[in-house]
Each structure stands twice: as C-alpha cells, then as structure tokens.
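So the chains spell out like this:
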Amino acid sequence: MQCEVVAIGTELLLGQIVDTNSSWIGERLARAGIDCNYQTKVGDNLARMVETLRIAVDRNDAVIVCGGLGPTQDDITREAIAEVRGVALDRDERLVERIRAKFGVRGREMVDSNLRQADVPEGARAMDHQPGTAPGLVCPVGGKVIYAVPGVPYEMQELVDIEVIPDLQLRMGERAAIVSRVLRTWGTSESALAELVAECHAALESTGNPTIAFLASGIEGIKIRLTAKAPTEDEAIRLIEAEDAELRRILGTMVFGVDDETMETAVGVLLEDCGLTLAVAESMTGGLVASRLVDVPGSSAWFKGGIVAYDSEIKFDLLKVPRGPVVSEEAAMQMADGVRQLLGADVGLSVTGVAGPAEQDGQPVGTVYFGIAIGDTVDVVHQRLPGDRPRIRQFAAISLLDQTRKRLLQLPAG
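Here's what I pulled together on the structure shown here. (Residues numbered from 1 in each chain as written. Predicted model: local features only at pLDDT ≥ 70, side-chain atom pairs only at ≥ 80, totals over all residues. Heavy atoms only, no water.)

1. Observations regarding the sheet that holds strand β14 (residues 303-308)
Overall, mixed pairing links the five strands, which are arranged β14-β13-β15-β16-β17 in an open sheet. Of all the strands in the sheet, just β14 and β17 (377-384) have a single pairing partner and so form its edges. Across the sheet, the axes of successive neighbouring strands diverge by a mean angle of 15°, strand direction being ignored. Bridge count for strand β15 (residues 347-353) against strand β16 (residues 367-374) is seven bridges, and the pairing is antiparallel. Paired with G353 across the strands is V368, a residue of β16. Packing of helix α14 (residues 389-409) onto the sheet brings it into contact with β13 (278-282), β15, β16 and β17, and relative to β16 it is tilted by some 35°. (Pairing = 2+ DSSP bridges. Helix = DSSP H or I, 4+ residues; strand = E, 2+ residues; numbered from the N terminus. Axes fitted to C-alpha atoms, helices over the stretch in contact; angles between N-to-C directions. Contact = heavy atoms within 4.5 Å.)

2. As for the pattern of salt bridges
On inspection of all chains with the given rule, the structure shows 23 salt bridges. Between E4 and R59 there is a salt bridge, and its shortest N-O distance comes to 2.9 Å. Here E4, found in strand β1 (residues 2-8), pairs with R59, found in helix α3 (residues 46-59); they are 55 residues apart in sequence, far enough to count as distant. Salt-bridge contacts for R323 lead to D317; the nearest nitrogen and oxygen are separated by 3.7 Å. The exposure class assigned to R323 is exposed, which follows from its relative accessible area of 57%. (Salt bridge = Lys/Arg side-chain N within 4 Å of Asp/Glu carboxyl O. Buried < 20%, exposed > 50% of the residue type's maximum accessible area, 1.4 Å probe, protein only.)

3. Side note on the packing of aromatic side chains
Scanning the entire structure with this criterion turns up one aromatic pair. Ring geometry for W186 versus F395: centroids 6.1 Å apart, planes at 40°, classification tilted. With W186 in the loop between β9 (177-185) and α7 (190-196) and F395 in helix α14, this residue pair connects regions lying 209 residues apart in the sequence. Sitting over the ring of Y38, R59 keeps its end group 3.6 Å from the ring centre. For the cation-ring pair, R106 lies above F103, with the distance from its terminal atom to the ring centre recorded as 5.8 Å. (Phe/Tyr/Trp six-rings, centres within 6.5 Å; stacked < 30°, edge-to-face > 60°. Lys NZ or Arg CZ within 6 Å of the ring centre and 35° of its normal.)

4. Description of the environment of A62
Checked against the element boundaries, A62 lands in strand β3 (residues 62-66). A relative accessible area of 0% places A62 in the buried class. Separated by 328 residues in the primary sequence, A62 and P390 place their C-alpha atoms 45 Å from one another. Other than its neighbours up to four places away in sequence, A62 contacts M1, Q2, C3, E4, V145, Y147 and L168.

5. Notes on empty space enclosed by the protein
The method is simple in principle: a probe with the dimensions of a water molecule rolls over the atoms, and the space it marks as empty is what remains. Tallied over the full model, the rule gives one cavity of 30 Å³ or more. Put simply, the largest cavity is a space of about 30 Å³. Lining the largest cavity, in full, are L69, R78, L95, Q117, A118, D119, V120, P135 and L137. In terms of residue class, the lining of the largest cavity is made up of six nonpolar, one polar and two charged. (1 Å grid on protein atoms, 1.4 Å probe; cavity = no way out; pocket = protein on both sides within 12 Å on 5 of 7 lines; lining within 4 Å. Points joined across faces, edges and corners; volume = space filled by probe spheres on them. Nonpolar A, V, L, I, M, F, W, Y, C, P; charged D, E, K, R; others polar.)

6. As for the side chain of S283
Checked against the element boundaries, S283 lands in the loop between β13 and α11 (288-294). Sequence-distant contacts of S283, that is, excluding residues within four places in its chain, are made with A309, Y310, K315, M335, V351 and T352.

7. Some points on α3
In this model, α3 (14 residues) spans 20 Å end to end at C-alpha, consistent with the 20 Å of a helix rising 1.5 Å per residue. Considered for burial, the residues of α3 that qualify are M49, V50, T52, L53, A56 and V57. In an axial view of α3, the angular spread of the buried residues amounts to 165°, which keeps them on one side of the axis. Residues A47 and D58 are exposed on α3 and point more than 90 degrees away from its buried face. Sitting at the head of α3, N45 places a side-chain oxygen 3.2 Å from the backbone nitrogen of A47. (Expected span 1.5 Å × (residues − 1). Arc of directions from axis to C-beta. Polar contact = N/O pair within 3.5 Å; in protein donor to acceptor, adjacent residues only side chain to side chain.)

8. A word on helix α5 (residues 93-105)
The end-to-end C-alpha distance of α5 is 19 Å, a good match for the 18 Å that 13 residues give at a rise of 1.5 Å each. When α5 is considered as a whole, its buried residues turn out to be L95, V96, R98, I99 and F103. Axial view of α5: buried residues confined to an arc of 165°, hence all on one face. Exposed side of α5, more than 90 degrees from the buried face: E93 and V105 are the residues found there. Residues of α5 that are buried in the fold lie against β4 (89-91), β5 (119-121) and β6 (125-126). Directly after α5, the chain includes G107, whose backbone phi takes a positive value near 75°.

Pasting the structure below:
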C-alpha cells in the first residue's frame, strides 16, 4: 500500500504556518505499515490542486488530503476532488443537520457559508466520526481512494486514527508494521561516519530491509536512522535490533543516545549509575551547559548547580583561579576543581575559551578548554571549534557534555 499526503494551503508555502500535520500523518502511516513515499504541499489554487491530486493518485494507492474543508471561498478541496473524479458536488442534508447541531451545542447560529461543508463529491461518502464542523471524506477513484481531512490538528488526528488508518488497513488485506530507530552520534562528520559503516550500509542496501539513512543535525551531531518493515511490530523491532548491535560495535562510544535521548540525558544516566553528583563552572557558554542539564527530568538528583564566572575577577576570587590568562589549561583545571569543592559535588566541569569576534589572551577565536574534575583527578581537553559566536558557544556546551560522558563511561557503576 502506497499513500501520499497532500497538504493544502498557501500559508504553508509562504512559511506562515509550519506543516506539522504531514509529519504526524507520516508517523501514523509508518506505524500501520503503510509506505508514504511522497508528501506534497500545494496552495489554494483549484488548477494546481487538481494537477497535484491527479499526480498523487496516479503514483499511489491512496492519498490523504489535509486542509481546505472549511466554509470560506478559498476552501476548495471538495471542488478539487470532484474535478479529479469528474463528478459534481451534492449537498448532503444529513450533514447539514449534523453541522447545524454542532453550532447549536455551542449556542451559536450556523451561517449560510457553512452549508458548503455539507457538499460531497458524487459517489463519495462523509466519514462517520466528525470532531468539528468539517466532515472528513472518503472518495473512491477507480480502485484507489482519496481521503480528505480538516487541517485543524486535533480534528485531523482523530479522523486519521479513527477513520483513515482502519480503512486503509482493510484495503491492504494483510497487516504490516514499519518501525524506525534513530541512533544519535557525536564526534565525527557525516562523510566520515558513512565511511565507517560503508560495509554495513552496502549489506542493507542489497536486502532493502532494514534501510539506513544519515541525518545531519547541526550541533546535535549526526543521526543514523534504521527503518524496518515486517508483518508485526515485534518482527520489525527484531530486524532493527540486529543492525543496531552491529552499528554500535563499529561506532563504539560515538553513539550516545537513541531517538529523542539527548547528550545531557546520557550524562545524567551515567551519573546516576555511578552514584555521583555534578557541578559546572562556565565562562564563554554563559550558562548553556547548566541549562541543558536542568532540561533533563529528575536532574535535581545529580546536578548540584552551576556558576557563570564570566568576569575574570569571579574566576580569581570565587573559583581560586590563579591570576593570569583565563583562556588556558591551568584556568580550566582550577575552575573545574574549584566548582566541585565549592558546591560539594563529586564531579566538577568547566569551560573557558574565546567565542569571538575578537581574540583573547593571545588565543584565536574558537579556542576552548574543558576541565573535568573527578575526585583528585582533573583532566583538561583543548579544542578549536568552528563557526560564529553563537555556534562556537553551542558547540562548546555539547562538546563538554560529550567529554564528560566518555569520562564517566570509564568509571565503575556505583
């Protein structure tokens, strides 16, 4: 079963509204084992809508049209579907009363423009479930089908779950499941990562199931998406598990999380496993590291707090950094140990560097020193980070967390 999603609305093309509906529908189709190879957006223009729908019907078994079912003059999805099918629109009096009743429940009068929402292409039917004033439509096109659902997210979601997916599964005959898993990596480029897993990638390409894809995610690293299709969800998961294990064997500690797991989540899990608490002293990042850490639910169990020592005098007086250059290995070392002792944590982190635009202490823009103090041991890592001031600061924050994660992985569980 091949299904395309067509999102209607000029506002989508102008960037005034982000098309989250298509993403949501795509995820629901995947869960149901229905392939979605195309997602298309088209403005509120009848000729272009008709052309888009004809193309979609031609290359798919089913099409889900989202939006354009309202009562205004630019809501013309019904007209477009009728033209594609070569039929007229009929007004369904049963739907008129259903829509009128919905206004009545709200204590409002239905205006005449809402009558348009009761128009149904000949040979089509309105969906039984109707969360809003716009009925969803099921419109056969030869041996294929067009579903029309409102663009209002909660109405669309109810209709897709209650009406569209079950109907698609009936048309499919046999059930299937599509499952995806995303491995999140940090520490290398997309091209270098692809070379590392080239043999694994080639093997998967030859079988076609599971599939593998690389997704560059800026400061959040490179994601590797595994997708498998099988008769059941459990079977699809088993296919993914085997490839997951192979990729982890190849990439080792580059893999820091799965799906929505962030770098700070990984650090928090390791701190809990080791029974350790953490504190951080930040200069150039200005609190970015602490902010990421407190985004993790339950971080109060292991995060003591942070100090933004932006001014050099704070470094000297509060963290006992020796007077002199503050963008240095010695400064990073003392900042990490100082915040660990000051806040009574087991682990102290620090970051100091040059975000730009000007040099500092004779160090070029992008120079960063990270300190990690665990007990009596303090490690310092020196890096040169790329980008402008905002990107250098963001890269510094996640890089410190990554260095901390790798250091914690060397410790025995508590």
